[in-house]
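So the chains spell out like this:
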Amino acid sequence: MNEITVLKKSIYVFLIGCLILAIVGVIFHDISYIFGFVLGYIINVIVFLLIIKMSEGILKFSMSTAIIAFMFIVKLALYAFGFYVAVKTPWFHLLGVFLGYMCTKISIYLEGYIHKGGEVDG
C-alpha cells in the first residue's frame with residue numbers, strides 16, 4: 001500500500017466519520033463536531049504529506065538531522081495548532097478534531113486488516 005492509496009482510502013473513512021458526526025451533531029444540536037472533524041482531517045492530511053516528505057528526505061536525499069528535526073517539530077506544531085483552535089473557538093469541537101487526526105491511521109489499519117497484511121494491487 002502506497003501513500004496515494006492511503007489518502008484515497010482515508011477519504012472514505014472521512015465521509016463515514018462525517019456521517020456519524022452529523023448524526024451526533026443533530027442529536028446534540030451542535031454543528032461544531034463536524035467542523036472540528038474537518039479541521040482535524042485537513043491538518044492530518046498536511047501532516048501525512050509532511051511525513052512522506054520526511055521519509056523521502058531520509059531515504060533518498062539523506063537530509064541533515066537538523067532539517068528532519070525541524071520538520072518533526074512543525075508536525076507537532078500543526079497538531080498543537082488544531083487542538084488550540086478547538087479549545088479557543090466555539091466553532092470547532094475538540095473530539096471532532098481528535099477524530100479527524102485519526103482518519104489516515106484508521107484507513108491504514110482497516111486496509112491492513114481487510115487484506116491481512118498482503119500487498120494491494122492498484
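Computed from a prediction, not measured in an experiment: that's the story for all the values here.

Caption draft 1: Molecular detail of the environment of Ala-77. Position of Ala-77 among the secondary structure elements: in helix H3 (residues 65-88). Residues Ala-77 and Ser-107 lie 30 residues apart in sequence; the distance between their C-alpha atoms is 23 Å.

Caption draft 2: Just the confidence of the model for the protein chain, in detail. Looking at the protein chain, the pLDDT average stands at 89 and 94% of residues meet or exceed 70. Averaged over each element, pLDDT in the protein chain is lowest for helix H5 (residues 103-114) (88) and highest for helix H4 (residues 94-101) (95).

Caption draft 3: Fine view of the nonpolar core. The biggest cluster of nonpolar side chains holds 14 residues, and the ones touching the most others in it are Phe-14, Leu-21, Phe-37, Tyr-41, Phe-48 and Cys-103. Of all elements in the fold, only helix H1 (3-28) and helix H2 (32-59) reach the threshold of two or more residues within this core.

Caption draft 4: Representation of the packing of aromatic side chains in the model. In the structure shown here, the tally under the stated rule is six aromatic pairs. Seen in terms of ring centroids, Phe-14 and Phe-37 are 5.4 Å apart; in terms of plane orientation they differ by 5°. Their pairing is stacked. With Phe-14 in helix H1 and Phe-37 in helix H2, this residue pair connects regions lying 23 residues apart in the sequence. Residue classification places Phe-37 among the buried residues on the basis of a relative accessible area of 4%.

So, how was this worked out
- Residues numbered from 1 in each chain as written.
- Predicted model: local features only at pLDDT ≥ 70, side-chain atom pairs only at ≥ 80, totals over all residues.
- Heavy atoms only, no water.
- Helix = DSSP H or I, 4+ residues; strand = E, 2+ residues; numbered from the N terminus.
- pLDDT = per-residue confidence, 0-100.
- Core = buried A, V, L, I, M, F, W, Y, C linked by side-chain atoms within 4.5 Å.
- Buried < 20%, exposed > 50% of the residue type's maximum accessible area, 1.4 Å probe, protein only.
- Phe/Tyr/Trp six-rings, centres within 6.5 Å; stacked < 30°, edge-to-face > 60°.

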